[in-house]
Amino acid sequence: MAEFTGWLLDIYEDAADGLALWALADDGRRLRLRRTFAVRFYAAGPDGELRRLWQYLRAQPIPVRLSRTERQDLFHPGLLPVLAVEVPHAPDQPRLFQSLQDEFPRLNFYDADLNIWLRFAAETGAFPLARCRFDCGAGGRLLALEVLDSPWDLDPAPAPLRTLTLAPDCDPTHAEPRFLEAAVGGCRYRLAFEPLRPLLVNLSALIQRHDPDILLTSFGDTWLLPRLLEASSACGVALPLNREFGRGTAHRKARSYFSYGQVVYRGPQVLLFGRWHIDRRNAMLWDDYDLEGVLEAARVTAQPVQAAARTSPGSGISSMQMLTALRGGVLVPWHKQEAERPKSALDLLRYDQGGLVYQPITGLHSNVGEVDFISMYPSIMVHANISPETTRSEGEPSTDQPPGLIPRTLEPLLNKRIALKQRLAEMAADDPLRPLYQVRASAHKWLLVTCFGYLGYKNARFGRIESHEAVTNGGREALLAAKEAAERQGFEVLHLYVDGMWLKREGTTRVSDYTPLLEEISRRTGLPIALDGIFRWVAFLPSRVNEAVPVPNRYFGVFQDGSIKTRGIEARRRDSPPFIAEAQMELLTILARGKDAAAARALIPEALTALRRRIRQLREGRAPLEKLLVGQKLSRELEKYRSPSPAAQAAAQLQAAGKRAEPGQRLYFVYLRGGGVHAWDLPTRPDPRGVDSARYIELLLRAAETVLCPFGISAEAVRGVEPGRLFPLPSRRGLSGGDAAAAGRRRIRAFSGEVSDVMM
DNA sequence: TACAGTCGGGG
DNA sequence: GTGTACGACTGTA
């Protein structure tokens, strides 16, 4: 084997050698390598306890090397005396550490619960899909490894990965699939599920013949792979899902957890060794980023590919922070130990603010420029050097100190994202590489967004609330500085929202007219800023509950290039039935042809005609059922519901049919006459005649009002589009009261709490 | 009127 | 394997 170059695909613990590695050589061979690998972790605490730990470790059977040394804990000044524990055989470490947790509750452990990829990446500079030079001895023993590229390269040499796609011919939650559709090496196969034995034999032959690097499945985690594995053991036909011979697959249980204010359901997982299983239906945020987004995330976070495909970007950024710490000799706490410092009421008042939000001037405006800070919060963290160890307790950042852990982690990511966006801006619209760069930029965006949230999360390993607050302070200051600059240059500020502002100035209609403003803002704040575009027209909407109150994030408009931007309206809400969302977009597309507000107004009759057609479609039952599906997330266990919300009703129906619906799962259903629903994932289809078309018409009319009323069309006029038929107008609520007058005035207020992911 | 339940974000 | 905000809105009692 000697020396060769190629890509590093996979790493995992190996009972015999310590570490198994898979390489894809330039000549196309897939090679299994092995080497020993020692891991180190640390303990700190009272001297007596450390001595006791020393004796305990000496007495137990797992070989270890012990030494006393000093290391840096990010949350404590100076160096911390620690006991270093080196475990020469990596697979021993988790078991050993497990036993220490109960035995030594008073000690603080560091670097104790890191996955093997992270340790390997810290030690060697490698990362998933890194280009490497491998030097091998007999039997695949890895003697030396040289990493040839970096995760920050914009154009990494693409690894010629082989993918086997597997998908049942229908959604197994609905019906029993009859065929397994497979695609590999440019060929498609259709394998019958019954009888099982030939299926297994054929599939096994496909895998052996093509030896894919990736098993890209639909429902592989939740249904297909468990089913195949079960069949394999029942029939006694070996199925080489793993590339690693003789090793079983790894399984993770399904779970629901709370994140970003809502429950998330994560399905069960089936993980492979030596090749990757990615279930595109169980991939989290990377879902629509496709495989490239997953690979990009794995490269920059040094998370295993199969994990990167399934975890949130939160664990990705956490992984990057840990890597920065390991490489810089900073201890990675096992559990974050530091509680928040006590704060006075005044501090709380000062701190507990999020992004700056203005009340927009409601109504229709022409020639409005939208100017946004680019990745505002991450830019502030890097620019102002905000990190747990550099932030003073007053919440003031310190730029006179060396760059902190968080800025060091973020800076390359931020630079790469900006470079990718630059590359995109220079690319032709039809460049075949465009989607690739988009997907990569997108993956980076999520990592950046999450990093800010993590600063404020009390259980994050490197979080600290004061740093979090220093960031939001910086954001508010920057936005105010931007507003002042705009006003000084004669712009009217129509709206401010956390990291963006909407501006108008008589005679200012060209992109270049904004250049002096952008330059001034960038100079004053030190943060990157860009013109998102100039709206031909944009409408900021009032509250539906109280017409006098503007709401900060409900608007729609059309840029000069004809593209439509919407926020908060029906078309963007995930619980809107597709029919309603599409109808609203249809109306907007018609209005978007208007070059200014007046021209758009002239297109209203055409929009009303389209609306009339849509209403008729609903009334005559011609809208396809799938377009009427409402999707809502189950927010809790079925038993915990106190009133039968539509999602709870759907869950009850599923349960009655023997299918358990977990919190965090999105359930789809149609509204039925009489107030009920019919869950979509039932074996029976709803009777189209039972569909509550009146309710859908009401939803449609509301969506139409949202986009038409700003043009001066009354709600009554929208509802009267059908000759001889006026749909009743639901009464507006709470119009009375002193609130309205107060709300009519424009005032600046701050969001309290999280606005983390609004910002980028 | 009060309360319970759901959504939001980007590209 | 990571986050339990908060305001807008809707439906129902």
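These figures come from a predicted structure and were not determined experimentally.

Peer 1: Would you mind going over the sheet that holds strand E7 (residues 108-110) with me for this structure?
Peer 2: Where strands meet in a sheet, backbone hydrogen bonds hold them as pairs that are either parallel or antiparallel. Reading across the sheet, the four strands line up as E5-E6-E4-E7 and stay open at both edges, with antiparallel pairing between neighbours. What marks the edges here is a single partner per strand, and that holds for strand E5 (65-72) and E7. Strand-to-strand twist across the sheet, computed as the mean angle between neighbouring axes with direction ignored, equals 35 degrees. Of the strand pairs in this sheet, strand E4 (residues 39-44) and E7 are connected by three bridges, and their pairing is antiparallel. Among the inter-strand pairings, alanine 43 is bridged to a residue of E7, identified as phenylalanine 109. Those strands touched by helix H1 (residues 47-59) are E4, E5, strand E6 (79-87) and E7, and its axis lies near 145 degrees from that of E5. Across the sheet, helix H2 (residues 93-103) is in contact with E4, E6 and E7; its angle to E4 comes to roughly 15 degrees.

Peer 1: Before we go on, may I ask you to explain the packing of aromatic side chains in this structure?
Peer 2: For any pair of aromatic rings, geometry is given as the distance between the ring centres together with the angle between the planes. Across all of its chains, the model carries 19 aromatic pairs by this definition. With a centroid separation of 4.9 Å and an interplanar angle of 20 degrees, the aromatic rings of phenylalanine 4 and phenylalanine 134 are classed as stacked. Placement of the pair is phenylalanine 4 in strand E1 (residues 3-14) and phenylalanine 134 in strand E8 (residues 131-136), with a sequence separation of 130 residues. Here phenylalanine 4 matches phenylalanine 134 in class, with each residue buried. Relative to phenylalanine 109, the ring of phenylalanine 97 lies with its centre 5.3 Å away and its plane at 80 degrees, an arrangement referred to as edge-to-face. A residue pair is termed long-range when its members are at least 10 positions apart, and phenylalanine 97 in helix H2 and phenylalanine 109 in strand E7 qualify at 12 residues. Ring pairing ties together the aromatic residues Phe41, Phe97, Phe109 and Trp334, which thus form one cluster. The ring of phenylalanine 179 is capped by arginine 190, whose NZ or CZ atom sits 4.2 Å from the centre of that ring. The ring of phenylalanine 491 has arginine 505 lying over it, and the distance from NZ or CZ to the ring centre is 4.1 Å.

Peer 1: Honestly, the pairing of E6 in this entry has me stumped. Any pointers?
Peer 2: Residues in a regular strand project their side chains so that they alternate between the two faces of the sheet. Taken across its nine residues, E6 has seven buried, putting it largely inside the fold. Note: E4 against E6, five bridges, orientation antiparallel. Note that in E6 the partner of valine 39 across the bridge is valine 87. Looking at chain direction, E5 and E6 are connected through eight bridges and run antiparallel. Residue pairing across strands places arginine 71 opposite leucine 80, the latter belonging to E6. Hairpin connection of E5 to E6: six residues between the antiparallel strands, including glycine 78 at a positive phi of 70 degrees.

Peer 1: Got a minute to help me understand the sheet that holds strand E12 (residues 187-192) in this structure?
Peer 2: As summarised here, the arrangement of the five strands in space is E12-E11-E10-E13-E18, forming an open sheet in which the pairing is mixed. A single partner strand is all that each edge strand has here, and the edge strands are E12 and strand E18 (276-279). The mean angle between the axes of side-by-side strands here comes to 20 degrees, regardless of whether they run parallel or antiparallel. Bridge analysis of strand E10 (residues 163-168) against strand E13 (residues 214-217) gives four bridges, and the strand direction is parallel. What sits directly across from leucine 166, in E13, is threonine 217. Here helix H4 (residues 196-210) sits on the sheet and contacts E10, strand E11 (179-184) and E12; the angle it forms with E12, its principal contact strand, is near 155 degrees.

Peer 1: In this structure, what is going on with the environment of glycine 720? I would like to understand it.
Peer 2: Assignment of secondary structure puts glycine 720 in the loop between helix H20 (715-719) and helix H21 (739-744). Judged by relative accessible area, which is 33%, glycine 720 ranks as partly exposed. Sequence separation of glycine 720 and serine 218 is 502 residues, and the distance between their C-alpha atoms is 46 Å.

Peer 1: What's the story with the pattern of salt bridges in this structure? I'm lost.
Peer 2: Any two side chains of opposite charge can pair, given that their charged atoms come close. By the definition in use, this model includes 45 salt bridges. For arginine 65, the salt bridge identified is with glutamate 86, shortest N-O distance 2.4 Å. Note that arginine 65 is positioned in strand E5 and glutamate 86 in strand E6, a separation of 21 residues in sequence. The partner of arginine 593 in a salt bridge is glutamate 606, with the nearest N and O atoms 2.9 Å apart. Separated by 13 residues along the polypeptide, arginine 593 in the loop between helix H15 (578-591) and helix H16 (597-602) and glutamate 606 in helix H17 (residues 604-619) bring together distant segments of the chain.

Peer 1: What exactly am I supposed to notice about the packing of helix H8 (residues 313-327) against helix H12 (residues 434-455) here?
Peer 2: Each pair of packed helices gets described by two things: the angle between the helix axes and the distance between those axes. Remark: H8 packs on H12, axes separated minimally by 8 Å, with the N-to-C direction vectors making an angle of 80 degrees. As judged from the angle between their axes, H8 and H12 are roughly perpendicular. Contact residues: H8 offers Pro313, Gly314, Ser315, Gly316, Ile317, Ser318, Met320 and Gln321, while H12 offers Trp446, Leu447, Thr450, Cys451 and Tyr454. When grouped by side-chain class, the residues that make up the contact of H8 with H12 number seven nonpolar, six polar and no charged.

Peer 1: What is the right way to read unusual backbone geometry from this model?
Peer 2: Negative phi values dominate among residues other than glycine, just as trans dominates among peptide bonds. The step from glutamate 194 to proline 195 runs through a cis peptide bond, and the omega angle for that step is -10 degrees. Unlike most non-glycine residues, serine 375 shows phi in positive territory, near 40 degrees. With a relative accessible area of 4%, serine 375 lands in the buried category. Backbone geometry places valine 498, a non-glycine residue, at a positive phi of 60 degrees.

Peer 1: Whenever I open this one, the environment of threonine 222 confuses me. Can you help?
Peer 2: Within the secondary structure, threonine 222 is located in helix H5 (residues 220-235). Classification of threonine 222 by relative accessible area gives partly exposed; the value is 41%. Put simply, threonine 222 and glutamine 438 are 216 residues apart on the chain and 29 Å apart in space, counted from C-alpha to C-alpha. Those residues within four positions of threonine 222 in sequence are excluded, and the remaining contacts are Gly267, Pro268 and Asp279.

Peer 1: How do you make sense of the confidence of the model for chain A when you look at a structure like this?
Peer 2: Low-confidence regions, as indicated by low pLDDT, have predicted coordinates that should not be scrutinised in detail. Mean pLDDT for chain A: 87, with 90% of residues reaching 70 or above. The least confident element of chain A is helix H9 (residues 345-351), whose mean pLDDT is 35; the most confident is E8, at 98. Here residues 337-352 scores under 50 on pLDDT; set against residues more than four positions off or in separate chains, the count is 25 contacts. Across residues 734-760 the pLDDT falls below 50, and counting only partners more than four positions away or on other chains, this stretch makes 63 contacts in the model.

Cut-offs used in this document
- Residues numbered from 1 in each chain as written.
- Chains lettered and ligands numbered in written order.
- Predicted model: local features only at pLDDT ≥ 70, side-chain atom pairs only at ≥ 80, totals over all residues.
- Heavy atoms only, no water.
- Pairing = 2+ DSSP bridges.
- Helix = DSSP H or I, 4+ residues; strand = E, 2+ residues; numbered from the N terminus.
- Axes fitted to C-alpha atoms, helices over the stretch in contact; angles between N-to-C directions.
- Contact = heavy atoms within 4.5 Å.
- Phe/Tyr/Trp six-rings, centres within 6.5 Å; stacked < 30°, edge-to-face > 60°.
- Buried < 20%, exposed > 50% of the residue type's maximum accessible area, 1.4 Å probe, protein only.
- Lys NZ or Arg CZ within 6 Å of the ring centre and 35° of its normal.
- Salt bridge = Lys/Arg side-chain N within 4 Å of Asp/Glu carboxyl O.
- Parallel < 35°, antiparallel > 145°, perpendicular 65-115°, else oblique.
- Nonpolar A, V, L, I, M, F, W, Y, C, P; charged D, E, K, R; others polar.
- pLDDT = per-residue confidence, 0-100.

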